[in-house]
Amino acid sequence: MSRTREDVLLALYEHHQRGAIMTTRPSVADRVDAIIDRLDEIDGLIEDSARNWRLGRMALVDVAVLRLATYELLADADTPTAVILNEAVELAKRFSTEHSGAFVNGVLSAIAEVVRGDRA
């Protein structure tokens, strides 16, 4: 059965609500909630910055990485832009497609310029 990104996000959120996401870093659950709360804003930034790409056409791992990094660009002013982008690119390279690192880097660089005024 094919699952949409909304199905995956809903399943993750329901799993979290049942208390199943418990890690050594409690901020993980808080971060999931914060991303969900700002999902429309985050997805808008991603789609505006990913020329000729819509979320539904992107690899699910890329979408997840882009959402997390975009949230961090918006909400975590203490973390340098380069650190956020580098970590996101490494995640995409490790867990997604052959071209995901470059794709994620390009999209996040555009988002960073809009959100932080940084030329990454």
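Calculation notes
- Residues numbered from 1 in each chain as written.
- Predicted model: local features only at pLDDT ≥ 70, side-chain atom pairs only at ≥ 80, totals over all residues.
- Heavy atoms only, no water.
- Helix = DSSP H or I, 4+ residues; strand = E, 2+ residues; numbered from the N terminus.
- Buried < 20%, exposed > 50% of the residue type's maximum accessible area, 1.4 Å probe, protein only.
- Contact = heavy atoms within 4.5 Å.
- Areas by Shrake-Rupley, 256 points an atom, 1.4 Å probe, with all protein chains shown as cover.
- Axes fitted to C-alpha atoms, helices over the stretch in contact; angles between N-to-C directions.
- Parallel < 35°, antiparallel > 145°, perpendicular 65-115°, else oblique.
- Left-handed = near helix turned anticlockwise from the far one by under 90°.
- Nonpolar A, V, L, I, M, F, W, Y, C, P; charged D, E, K, R; others polar.

### Focus on the overall build of the protein
Okay, step 1: Of regular secondary structure, the protein possesses six helices and zero strands.
Okay, step 2: Ordered by position from the N terminus, the helices and strands of the protein form the series α-α-α-α-α-α.
Okay, step 3: A buried classification covers 35% of the 120 residues belonging to the protein.
Okay, step 4: Across the protein, every contact between residues at least 6 apart in sequence was considered, and the portion connecting residues at least 24 apart equals 64%.
Okay, step 5: A total of about 7,600 Å² of accessible surface is found on the protein, and carbon and sulfur atoms cover 51% of it.

### Topic: the packing of helix α5 (residues 81–95) against helix α6 (residues 100–116)
Okay, step 1: For the pair α5 and α6, the least separation of the axes is 8 Å and the interaxial angle reads 155 degrees. One way to sum up the angle between α5 and α6 is to call them roughly antiparallel. For the pair α5 and α6, the crossing hand works out as right-handed. Where α5 abuts α6, its residues T81, I84, L85, A88, V89, A92 and K93 lie against S100, G101, V104, N105, L108, S109, A112 and R116.
Okay, step 2: Split by residue class, the contact of α5 with α6 holds eight nonpolar, five polar and two charged.

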